[in-house]
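# Notes for the structure review
Letter by letter, the chains look like this.
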Amino acid sequence: MSKTSQIIIAIVGVIVLALAGGYFGAGLRSGGGAGGTENGAWIQKIKDQGELRVGIASAPPMTGEQKDGKMGGPNVLPLQNLAKEMGVKFTPVAAEWSKMVSGLQADRFDVGAYLDATSERSLAIQFTDPVYTYEGVWIVKSDSGLKSTEDVIKSKKPVAVASGTSYERRVVDLGVDIVNAEAIPQSITAMEAGRAVAAFGDLPTLADAAQKNKSLKIVRPKPVIFKSDSNYGVSADIDERSLQVINIAIQNAKNDGSFQAALDKAGVISPNNLGDLAMK
């Protein structure tokens, strides 16, 4: 055999070994623990721990404390259905909007409920398909005389907004003074107490507050100044198959009517059906 032939055979051997090593190495890497990225790893993790932990911040009626004292609401119905189908316990975990992302990163919970997909958040976590779409609106006292976003700005008085919400920055961009609150209900309380002339938040939550307190009214911005898809937040390294399973659970709840039924039962109001709740 010539020297040239020996060199060629040696080179081919090296290439074969390299390809084989890469193949088996990839196989070993994909066969890691439940926290890996192989298909179904996240689902297996949930099954192994025997519960689906869902971080829930207060935004009633979509999410909030229920009659049994636990956090819940119509927004998490698809996740409750998923937990049942998987044969695991649905475990609500009380959370704050400003700590939802860090809670996912620290594995305090497996899913963050009613969480808007933003570019900033997407750098740290992933999002499911949209669960619900809402508008941002103002809530004011009925005797305030405020009927538009322009009126709120011209009042030159502070407005309240919950820290960590996706629309907080949009309100700041209006050039108004801000009263920060821990949660949306607390921003409404700040307005009622006179520390702010208005509070800004998602329509379902503010409409619920106006239904419970007839001295409060909703001001729907025209044109709309904030509209968002509300999704579920999940860990950044969730595998594709598990994410698909969650998305299917969301779609199924919409298709079979159970999600809409839960919204109706909770009294969630659409933007075009405010009626007497709207500031006249």
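Sequence order as written defines residue numbering, which begins from 1 separately in each chain. Given that the model is predicted, a residue must reach a pLDDT of at least 70 before its local features are reported, and side-chain atom pairs must reach 80 or more before they are shown or counted; all residues, however, enter totals for whole chains, interfaces and linings. As a rule here, side-chain values cover all heavy atoms of the structure and leave hydrogens and water aside.

## Brief notes about the pairing of strand β5 (residues 111-116)
Put simply, the rule is: Buried residues are those whose accessible area, probed at 1.4 Å on protein chains only, stays under 20% of the maximum for their type, while exposed residues exceed 50% and partly exposed ones sit between those limits. Counting from the N terminus, the helices are the DSSP runs of H or I reaching at least four residues and the strands are the DSSP runs of E reaching at least two. A pair of strands is treated as paired once DSSP finds two or more bridges between them.
Most of β5 is tucked away: six of the six residues are buried. Both strand β1 (residues 51-56) and β5 contribute to a ladder of two bridges, which runs parallel. Bridging across to β5, V54 finds its partner in V111. Alignment of β5 against strand β12 (residues 227-234), held across three bridges, turns out to be antiparallel. Bridge pairing in β12 links L115 to N231.

## Details of the nonpolar core
Worth spelling out the cut-off: Nonpolar cores are built from buried Ala, Val, Leu, Ile, Met, Phe, Trp, Tyr and Cys residues. Side-chain atoms within 4.5 Å join them into one set. Two residues qualify as a contact provided that any one of their heavy atoms is within 4.5 Å of a heavy atom in the partner residue.
One finds L52, V54, W138, I139 and I246 to be the most contacted residues of the largest nonpolar core, which totals 83 residues. The greatest single-element share of this core, amounting to six residues, is contributed by strand β7 (residues 132-141). When residues no more than four places from it in sequence are discounted, the contact partners of L52 are W42, I46, L79, L82, A83, V88, K89, F90, T91, D110 and V111.

## Quick notes on the confidence of the model for the protein
Counted only if it meets this: Summary of the metric used: pLDDT quantifies the predictor's per-residue confidence within the range 0 to 100.
Per-residue confidence for the protein averages 89 on the pLDDT scale, and 87% of its residues sit at or above 70. Counting contacts from residues 2-35, a segment whose pLDDT is below 50, to residues more than four positions away or on other chains yields 11 contacts.

## Notes on the pattern of salt bridges
For the record, the criterion: One side-chain nitrogen of Lys or Arg within 4 Å of one carboxyl oxygen of Asp or Glu is enough to make a salt bridge.
Per the stated rule, a full pass over the model turns up eight salt bridges. One salt bridge in this structure joins K45 and D107, with 3.3 Å as the shortest N-O distance. Here the residue K45 occupies a position in helix α2 (residues 41-49), and D107 occupies one in the loop between α4 (100-105) and β5, the gap between them amounting to 62 residues. Of the residues examined, D107 reaches a relative accessible area of 38% and is grouped as partly exposed. For D208, the salt bridge goes to K212, with nearest N and O atoms at 3.0 Å. In this pair, D208 and K212 are both assigned in helix α9 (residues 203-212), four residues apart and thus about one turn of the helix distant. Three or more residues are tied together by salt bridges with common partners; here these are K45, R53, D107 and D110.

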